[in-house]
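Residues per chain are reported as follows:
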Amino acid sequence: MAYNLLKGKRGIITGALDANSIAWKVAEKAYEEGATLVLTNAPIAMRMGEINKLAEKTKSEIIPADATSVDELTNLFTKSQEVLGGKIDFVLHSIGMSVNIRKKIPYTESNYDYFMKGIDVSAMSFHKMLAVARKLDAINEWGSVVALTYMAAQRTYPFYTDMADIKAMLESIARSFGYHYALKKHVRVNTVSQSPTRTTAGSGVKGFEGFITYAEKMSPLGNATGEDCANYCVTLFSDLTRYVTMQNLFHDGGFSFTGVTQSVIDQMEK
Ligand SMILES: NC(=O)c1ccc[n+]([C@@H]2O[C@H](COP(=O)([O-])OP(=O)(O)OC[C@H]3O[C@@H](n4cnc5c(N)ncnc54)[C@H](O)[C@@H]3O)[C@@H](O)[C@H]2O)c1
């Protein structure tokens, strides 16, 4: 069921790699809610061709951009305004990658070149995106920018290694940039801290399957799905949340504020 929450709004959605991607679901929901979209991803991800299916389904244009490149982001925001016929109302940052995780390197032995790459791709890209949009004055008054994050920014999950520190930086950028962008143009900037979700990036984390089951048992409402995350993002893009900014918003079925559940205690006593 759609509510036309984004009727007439223009959005840029990053990070839709395949149908499991959270960004893919956000694009579908935003389209259902009446938005017109530009989809973007790193040129290397384009070669897999999956994103074309999403573009067809959501009648969107694709503009490739490596999110670490200010030039490519400048092109993305400039061309998006041309294609969509005006300034942008919302942006989803759904980009995450850690070479240390991919190569299964323990946190205490992190490779610093990989660490820097992870920071650039997964956190600094958010700053670059916001800075480019602000410089070009590409986002409308009361526009909304959302980045996806994980609770390892607040609590230690050993398998999340350097991405924990990188997500802490991402969330900090939302606060810092949110302040400046609110003053300049009432643009909102928030992060959504999502439950573990089976996607390409998510499943790259060692021990992910065991952890997703644990999180399910530790969440009074159960793990939030990618579809539900997309619904939540849509509300944040809509005019119904105009005074929400600089926040890290947990979308996790209650996991973040649960000390323990009966189901986990029962398991301990077996
Ligand atoms: N899956 C989970 O459990 C989970 C939980 C909380 C938060 N998140 C976050 O959600 C976001 C999306 O991840 P996902 O789980 O949907 O996985 P995904 O693998 O589908 O998406 C990650 C995306 O980042 C893109 N990307 C990588 N390098 C890039 C670059 N240089 N420029 C532009 N794009 C680039 C990839 O092509 C891919 O589309 C990430 O920030 C992730 O950390 C995921």
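The shown structure was predicted, so the numbers you read here are calculated from the model rather than taken from an experiment.

Engineer: An account of the site of the ligand is needed here, citing residue identities and associated values.
Structural biologist: Among the 27 residues in the neighbourhood of the ligand, the closest are listed as Ser21, Asn41, Lys167, Thr197 and Thr199. For the ligand, an oxygen atom lies 3.2 Å from a polar atom in the backbone of isoleucine 95. A distance of 2.4 Å separates an oxygen atom of the ligand from a polar side-chain atom of threonine 199. Coverage of the ligand by the protein amounts to 92% of the 830 Å² it exposes when considered alone. Among the secondary structure elements, those contributing two or more residues to the shell around the ligand are strand S5 (139-149) and helix H8 (200-203). Of all the elements, H8 adds the most residues to the shell around the ligand, at three residues.

Engineer: Please set out the packing of aromatic side chains residue by residue, giving values where relevant.
Structural biologist: Enumeration over the complete set of coordinates arrives at 13 aromatic pairs. Each ring, one from tyrosine 157 and one from phenylalanine 211, has its centre 5.5 Å from the other, and the planes form 65 degrees; the classification is edge-to-face. Placement of tyrosine 157 in the loop between S5 and helix H7 (161-185) and of phenylalanine 211 in helix H9 (residues 208-218) is noted, with a sequence separation of 54 residues between them. Classification of tyrosine 157 by relative accessible area gives buried; the value is 10%. An aromatic cluster is built from Tyr150, Tyr157, Phe159, Tyr160, Phe211, Tyr214 and Phe255, whose rings are joined through pairwise contacts. A cation over a ring is seen here: arginine 242 above tryptophan 142, with NZ or CZ 4.4 Å from the ring centre.

Engineer: With reference to specific residues and values, describe the state of the cysteines.
Structural biologist: Going through the model one piece at a time under the given rule, you end up with zero disulfides. This cysteine, cysteine 229, is not joined by any disulfide, and cysteine 233 carries the nearest cysteine sulfur, 4.3 Å off. Among the residues examined, cysteine 233 registers a relative accessible area of 0% and is labelled buried.

Rules used throughout
Residues numbered from 1 in each chain as written. Predicted model: local features only at pLDDT ≥ 70, side-chain atom pairs only at ≥ 80, totals over all residues. Heavy atoms only, no water. Near = heavy atom within 4 Å. Polar contact = N/O pair within 3.5 Å; in protein donor to acceptor, adjacent residues only side chain to side chain. Areas by Shrake-Rupley, 256 points an atom, 1.4 Å probe, with all protein chains shown as cover. Helix = DSSP H or I, 4+ residues; strand = E, 2+ residues; numbered from the N terminus. Phe/Tyr/Trp six-rings, centres within 6.5 Å; stacked < 30°, edge-to-face > 60°. Buried < 20%, exposed > 50% of the residue type's maximum accessible area, 1.4 Å probe, protein only. Lys NZ or Arg CZ within 6 Å of the ring centre and 35° of its normal. Disulfide = S-S within 2.5 Å.

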